[in-house]
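Okay, here's what each chain looks like letter by letter:
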Amino acid sequence: MRRIFNSIKRSLVEQQIQSNTMRVILLLLISFSMLRHGTEATKIVSLNDNWILEQEIEAYVPNFRSVKKFNWEREIDSDNEAIKIENITIPSGIFTDLENAGITESILYGFNDRELRHYSYMNWIYSKSFIVTADDLNHEFVILTFHGLDTITKIILNDQLLGNTDNMFRRFKFGVKSFLIEGENKLAIHFESPVVAAKNIDETHINRTITPACPPDTYKGECHINLLRKMQASFAWDWGLAAPSMGIWKNVELELYDSLHFRDITYELNTFIPQPQSDGSSEIQVEETDQFWELDFIVHVEAGEANMTFEGVLIYELININGTHSMNFNVHTDQYGKAEIPINMKVNKNSVNLWWPNGYGDQQLYTFRARWEDLRVNGVNFYSRIFLVTEKEINVGFRTIELVQDLMENGLSFYFKVNGIPIFMKGSNWIPSHILPEKSANEDKIKELLQAARDAHMNMLRVWGGGVYESDYFYNLADKYGILIWQDMMFACAMYPTGDFLESVKYEIRDQIKRIQHHPSIALFATNNENEVALRQNWYDTKQFYKEFAEDYNVLYRTTIIGEIRKYDKKRTTLLSSPSNGNWNKDRDDYGISMDPQSAHFGDIHFYPMNTNSWNPTTFHTARFASEYGFQSYPQGWKEVTPENVTVMNLLNYRQHHPLNSTLITYLVQENINVNFESLNWEDQVYLSQLSQAIALKTETEVYRAGRGEFMYTMGALYWQLNDVWVAPSWSSIEYNGNFKIIQYWMESVFRPITLITQVRLLNKLTIYAVSDEIKVGPKPMSIKMNVYKWSGIEVIDTQSWTFEMKGNDVTLVDTIDLYKYMNDKGYDVYEYFMMFYLYEGSQNSSNAIAANFVFPGNYQYLKSMKDPNLTYEFTTNKCENEQHRISMTINIDSPALFVFIVLEHPEIKQYKLSKNGFIQVEPFITVQLTFSNPGCRSSIKADSLKIKTLNKFLM
């Protein structure tokens, strides 16, 4: 077909055929070629290759010496030869390029966040040459577009200043036709040290410091990140290193076109019911089959940087649904070369399927295509025609979403309705997948993490406000997997300036909302992370200037950010902060700041108990929506990042950034297990910290899931945090190398659509709940079996059963038992016996258990009769095919094995997955699957590659 097209094209062009019929044929062939082969009307010339990175030596010494450093000094040799690295491909940044060139190791290795910090105090230049042809310069618009520069730059094109940038979250574009020459052109981007730039900006704030000036010393970070529109975590956080990067973190492109260019498409989805027609003799009812979806699209177009008018034909369709539509249209761009084209479309509801969150139905997506053909297309030669046509596609999901905040007896509700169904939100908080922005869009890493979330039955992730607005791939995959996104704007844990800063923020919000608004996965926006509660509770010494900070808060978030969001998305809820009181407008001061942003009766909460036993469910209370909660643990992957002459504990303690160091981990372990935690080897500390995190997080999450039953009291649980940016103590459930901590394995059960919750609450009352997320089902016959065991054996000592009807999309309280009375009546010592509970559909004999849970009546420290389970294991299959290695192992015991923890230690296998881990085994034998990637099937795995721990050894 392509050869035929090219042959016809040459023939038509050579003969200069003028007939209208042949023009139409030619136009159709051109259109077909563009659609089939993905050619855009706008010629996009990628400038991502062959960059050079150079150290700007003149700025190095004075800038470095002007910076306050944390706890270390570094001597500077001014006679060193300036660094120069060639053949760089972007996206990239200085730490990536220094490592790739062999000049440094990874910033994630050892103490390199400290040892390589001086590179952040330098200024750097990225430069390249590129060729421009005479044909390129003949186009009406020649636009140089930078999709992401990190962060403070001066752009020089052919020795002329093109412009300056100060916001890594903005797209910057420049008309460069008058700057370019035919032949070789030279582009240079001068990056100023962000550390120095932030310090210089701070010195302009004479009357008051925009707090916090610096992070806590334990962060080992840099100061004044809140004065820059840069990833806020890049100067360090309590879970992450300081990596004050500079670089070109997104694509650079030269755009060539002669008419309009489609940049973004947004849309609003509504239900449209036609007005019934009647002759007055009778009332006419509108059938459900006559109901429509009404889509109001806005195509955001650009045409250089000037006020112009374009005439053309707009062609649009929802592919394979409602045919192709076209209309003549005049487009008038503003003085910035921008315009909006409205499109209204109605789609019969019966012709499309709904989009549902993960676990509730399919994620059906449809493609909307919009195309512009300038009227001049028939009056130019073939080559020029393609530059008068532009096209863009987006995915559309048909779904409604509403954040319900109705008046209740004691506060407001706070829950999401999707397609009219109340849905309990289960999930986690997402931080960038890498601390270096240029690596944060790695598709393999994003897919790996989102798949883990999906497989754990999560239906929502909160994109936290101290990172980045995520990549298009991230949101596309969230659409595909049915993972709703709570989208923070990128402001976190700080006060922020106003003045010129607001203008930069305004364009940032415009760019990002227009880019991501069309995704059905986006559930709501929040303007910041924890800034309202920080202001109210004086986290950063704002009390002296409270009035000024409160006024700044309103101008930034209410006026600027919410104002800009509503221009491009009028339907989604935008929260003033997280946590917040949502729509509750009482109990606010004169500046509109909530008196208690953490109230459990309104909005969402962030809850981190300290010096309380979080293994005990009575520590936690139901709230409307828990959007952050969590517990720290240690990761397993220390050997990969620890230098030979350094102990793991030395590096672990260095990387612990929590202001209280590891005291909360130690407290929680020692409160429940009779060990001296700090005297243990690092492997045992890793195990016990992960187990402690898992028990506490499971306990709190189950309190929230069971709390749903109290008049929709609690309707969301998003724990902190899903992922990590390095190997360090943190709140994550997945380690930086992709391996699951114990809690990630457990969350598959905790978040299961049908699950079982057993908790001992006040007065030793054992509550048994069955939880169902199933919709459109009536009461379902279910049963529960309780087996009683003794710690010294695996024989079932006693059983008890319950049958009941489980409500759909709700919580069913099955029973409440006075646990100690039950134990006393049976003659069971609470420290010598424990219970396992199993949930079945129908009768206990009809199927395998679909959920399980456990209850230990006595405190772990005083358990009796605990024995070594004499755990042994053997591989029953050990096979590698198509570079995927699968091992089945049988694990044998002769007494209960408590929280079996399996670790694969192999020099070539860094990442692996088990079918279960951290589990209780009461069966004589079970089978566990181990899988991992094995390139070329070269690596052999033997049974002694595994290390297995149980809690038994710490309790005997």
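Residues numbered from 1 in each chain as written. Predicted model: local features only at pLDDT ≥ 70, side-chain atom pairs only at ≥ 80, totals over all residues. Heavy atoms only, no water.

Turning to the overall build of the protein, a few remarks are in order. Of the regular secondary structure elements, the protein holds 19 helices and 49 strands. On C-alpha atoms alone, the protein measures out to a radius of gyration of 31 Å, which is about the 30 Å that the 2.2 N^0.38 rule sets for 956 residues. Counting only C-alpha atoms and orienting by the principal axes, one finds that the protein spans roughly 100 × 95 × 65 Å. Every one of the 956 residues in the protein was classed for burial, and the buried ones make up 60%. In the structure as shown, the protein presents an accessible area of about 38,200 Å², 46% of it carried by carbon and sulfur atoms. Taking the 89 positively charged and 117 negatively charged side chains of the protein as two groups, their mean positions are separated by 2 Å. (Helix = DSSP H or I, 4+ residues; strand = E, 2+ residues; numbered from the N terminus. Rg over C-alpha atoms; globule rule 2.2 N^0.38 Å. Buried < 20%, exposed > 50% of the residue type's maximum accessible area, 1.4 Å probe, protein only. Areas by Shrake-Rupley, 256 points an atom, 1.4 Å probe, with all protein chains shown as cover. Lys, Arg positive; Asp, Glu negative; His and termini not counted. Charge placed at Lys NZ, Arg CZ, Asp CG, Glu CD.)

Counted according to the given criterion, the structure contains 47 aromatic pairs. One aromatic cluster is present, formed by Trp615, Trp746, Tyr789, Trp791, Phe834, Phe854, Phe856, Tyr860 and Phe899 through successive ring pairs. Positioned above the aromatic ring of Phe854 is the side chain of Lys698, whose terminal nitrogen or guanidinium carbon lies 4.7 Å from the ring centre. Over the ring of Phe424 we find Arg705, and its NZ or CZ is 5.9 Å from the ring centre. (Phe/Tyr/Trp six-rings, centres within 6.5 Å; stacked < 30°, edge-to-face > 60°. Lys NZ or Arg CZ within 6 Å of the ring centre and 35° of its normal.)

A few words now on the state of the cysteines. Applying the stated criterion across every chain, the model contains two disulfides. Across the disulfide from Cys214 sits Cys223; the S-S distance is 2.0 Å. A torsion of 100° about the S-S bond marks the disulfide between Cys214 and Cys223 as right-handed. Note on cysteine connectivity: Cys880 is disulfide-linked to Cys937, with sulfurs 2.1 Å apart. What sets the handedness of the Cys880 and Cys937 disulfide is the S-S torsion sign, and at about -80° it is left-handed. (Disulfide = S-S within 2.5 Å.)

Attention shifts here to the environment of Ala456. The topology assignment puts Ala456 in the loop between α9 (443-455) and β29 (460-463). The sequence separation of Ala456 and Met747 amounts to 291 residues, and the corresponding C-alpha distance is 5.9 Å. Once you skip the residues sitting within four places of it in the chain, Ala456 turns out to touch Gln744, Met747, Glu748 and Phe751. (Contact = heavy atoms within 4.5 Å.)

Before going further, it helps to examine the sheet that holds strand β2 (residues 51-55). The strand order across the open sheet built from six strands is β3-β2-β5-β11-β8-β9, with neighbouring strands paired in antiparallel fashion. A single partner strand is all that each edge strand has here, and the edge strands are β3 (84-88) and β9 (160-165). Sheet twist, expressed as the mean angle between neighbouring strand axes with direction ignored, is 20°. In terms of strand pairing, β2 meets β3 through three bridges, oriented antiparallel. Looking across to β3, one finds that Glu54 is bridged to Lys84. (Pairing = 2+ DSSP bridges. Axes fitted to C-alpha atoms, helices over the stretch in contact; angles between N-to-C directions.)

A few words now on the nonpolar core. Ranked by internal contacts, the top residues of the largest apolar core, which has 200 residues, are Val176, Leu254, Phe491, Leu688, Phe899 and Leu951. Residue contributions to this core peak at 11 residues, all from helix α16 (residues 682-707). Not counting chain neighbours up to four residues away, the residues in contact with Leu254 comprise Lys43, Ile44, Val45, Leu47, Phe130, Val132, Val142, Ile143, Leu144, Val176 and Leu180. In this structure, Ile343, Val347, Phe368 and Val396 belong to the second largest nonpolar core, which totals 33 residues. (Core = buried A, V, L, I, M, F, W, Y, C linked by side-chain atoms within 4.5 Å.)

For any two helices packed against each other, one specifies the crossing angle of their axes together with the interaxial distance. The geometry of α16 relative to helix α17 (residues 742-750) is characterised by a closest axis approach of 9 Å and an angle of 25° between their N-to-C directions. Looking at the two axes, α16 sits roughly parallel to α17. The hand of the α16/α17 crossing is right-handed. Contacts between α16 and α17 involve Tyr687, Gln690, Leu691, Gln693, Ala694, Ile695, Leu697, Lys698, Thr701, Glu702 and Arg705 from the first element and Ile742, Ile743, Trp746, Met747 and Val750 from the second. A class-by-class count of the residues in the contact of α16 with α17 yields 10 nonpolar, three polar and three charged. (Parallel < 35°, antiparallel > 145°, perpendicular 65-115°, else oblique. Left-handed = near helix turned anticlockwise from the far one by under 90°. Nonpolar A, V, L, I, M, F, W, Y, C, P; charged D, E, K, R; others polar.)

Here, the residues flagged by UniProt with the feature "domain: Beta-mannosidase-like galactose-binding" (unreviewed entry) are residues 85-250. Annotated as residues 85-250, this span is 14% helix and 33% strand, and its ends, taken at the C-alpha atoms, are 19 Å apart. (UniProt positions renumbered as here; feature names shortened; annotations may be inferred.)

If you trace the four strands from one edge of the open sheet to the other, you get β39-β38-β41-β42, paired in antiparallel fashion. In this open sheet, the two strands that pair with only one neighbour each are β39 (796-806) and β42 (851-855). Here the strands of the sheet are splayed against their neighbours by 20° on average, with no regard to which way each runs. For strand β38 (residues 780-790) and strand β41 (residues 833-841), the ladder comprises nine bridges, and the chain directions are antiparallel. Along β41, the bridge assignment pairs Met786 with Phe837.

A few words now on the environment of Ala728. Structurally, Ala728 can be placed in the loop between β35 (716-719) and α17. For the pair formed by Ala728 and Lys547, sequence separation is 181 residues and the distance between their alpha carbons is 39 Å. Residue contacts for Ala728: discarding those within four places in its chain leaves Ser633, Pro635, Trp638 and Arg655.

This brings us to the side chain of Asn723. Along the chain, Asn723 falls in the loop between β35 and α17. Only 2.8 Å separates the side chain of Asn723 from the backbone oxygen of Ile431, close enough to count as a polar contact. Those residues in contact with Asn723 that lie beyond four places of it in its chain are Asn429, Trp430, Ile431, Pro432, Ser433, Leu449, Ser732 and Ile734. (Polar contact = N/O pair within 3.5 Å; in protein donor to acceptor, adjacent residues only side chain to side chain.)

Scanning the entire structure with this criterion turns up 46 salt bridges. Across the salt bridge formed by Arg369 and Glu393, the nearest N and O atoms sit 2.8 Å from each other. Remark: Glu393 occurs in strand β22 (residues 389-396) and Arg369 occurs in strand β21 (residues 366-374); sequence separation between them is 24 residues. Of the charged contacts, one joins Asp684 and Lys949 as a salt bridge, the two residues approaching to 2.7 Å between their closest N and O atoms. Here Asp684, found in helix α16, pairs with Lys949, found in strand β49 (residues 946-949); they are 265 residues apart in sequence, far enough to count as distant. For Lys949, a relative accessible area of 21% gives the class partly exposed. If you follow the salt bridges from partner to partner, you end up with Glu317, Arg369, Arg371, Glu373, Glu391 and Glu393 in one network. (Salt bridge = Lys/Arg side-chain N within 4 Å of Asp/Glu carboxyl O.)

Next up on the list: the side chain of Thr642. Within the element layout of this structure, Thr642 appears in the loop between β34 (626-629) and α14 (648-655). When its relative accessible area of 13% is taken as the criterion, Thr642 is described as buried. At 2.7 Å, the side chain of Thr642 forms a polar contact with the backbone oxygen of Trp638. Ignoring sequence-local partners within four residues, the contact set of Thr642 consists of Tyr109, Thr647, Val648 and Leu651.

Another point: α9. Taking 1.5 Å as the rise per residue, α9 with 13 residues should run 18 Å; its terminal C-alpha atoms sit 18 Å apart, in good agreement. When we look at burial in α9, the residues that qualify are Lys445, Ile446, Leu449, Leu450, Ala452 and Ala453. Buried residues in α9, looked at end-on, bunch into an arc of 150°, giving them a common side. For α9, the elements touching its buried residues are β28 (425-430), β29, α10 (472-481) and α17. One or two positions beyond α9, positive phi appears at His457, with a value near 70°. (Expected span 1.5 Å × (residues − 1). Arc of directions from axis to C-beta.)

Counting all residues, the mean pLDDT for the protein is 91, and 91% of those residues have values of 70 or more. Between residues 1-40, whose pLDDT stays under 50, and residues either more than four places distant or in other chains, the model counts 34 contacts. pLDDT under 50 marks residues 278-287. Its contacts with residues more than four places away, or in other chains, come to six contacts. (pLDDT = per-residue confidence, 0-100.)

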